[in-house]
Each structure stands twice: as C-alpha cells, then as structure tokens.
Amino acid sequence: AGTDSILRRLREAVPGLVLRTTFICGFPGETDEEHEELVRRARDLGFARGGAFAYSQEDGTVAASMEEQIDENLKQDRRDELSA
C-alpha cells in the first residue's frame, strides 16, 4: 500500500489523529524536480505540523563526500518553500 492509502486508513481508524513530520532539504544530488515533488506531496498528505531543515555536511559521512552538493542559498530557499 502506498503512503496515501496508509494515511487514509490511519485517519479513518483513529479519530483526531495528528501526524507530524520533518524533512531534509538540499541533500546532495537533490534535483529541482525531486524538491518540487516533495513540496507537492507534503502538502497533499496534509500533515498537522511539518518541519524542514537544510542538509548540512557532517565530516566523515558518505553524503559529505558526494560530488553533487547543493548550494547553501538554494538549500535555504528550498527549506523556506517547504516550511511555508
């Protein structure tokens, strides 16, 4: 079952259910299209509260050494868009 189906069943089974989530924006290699899909899905899924933060490199991690790092300003812009 997809996310939409799971959330629909949860909302039907648990009256007053409150769902919250947090997103990472600007993970290395994230494309404009992927970000737009994330924004659309986050809004469509109707979370009661959602947080977003910009990815930050952490020394020693695989992601920190990935070549497709996202510009810092773009990460902040994506975070702001998702938080709006």
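Please read all numbers here as calculations on a predicted model, not as lab measurements.

## A few points about the pairing of strand β2 (residues 49-54)
The side chains of a regular strand alternate, first on one face of the sheet and then on the other.
Inference 1: As defined by bridge partners, strand β1 (residues 20-25) adjoins β2 across 6 bridges and the pair is classed as parallel. Across the sheet, phenylalanine 23 pairs through a bridge with alanine 52, a residue of β2.
Inference 2: Once you follow β1 into helix α2 (residues 32-45) and on to β2, the crossover reads as right-handed.

## A look at the environment of threonine 21
Inference 1: In this fold, threonine 21 is placed in strand β1.
Inference 2: Residue classification places threonine 21 among the partly exposed positions, given a relative accessible area of 23%.
Inference 3: Leave out the neighbours within four places in its chain, and threonine 21 touches Phe47, Arg49, Gly50 and Gly51.

The rules behind these values
- Residues numbered from 1 in each chain as written.
- Predicted model: local features only at pLDDT ≥ 70, side-chain atom pairs only at ≥ 80, totals over all residues.
- Heavy atoms only, no water.
- Pairing = 2+ DSSP bridges.
- Helix = DSSP H or I, 4+ residues; strand = E, 2+ residues; numbered from the N terminus.
- Right-handed = clockwise from strand over helix to strand, strands pointing away.
- Buried < 20%, exposed > 50% of the residue type's maximum accessible area, 1.4 Å probe, protein only.
- Contact = heavy atoms within 4.5 Å.

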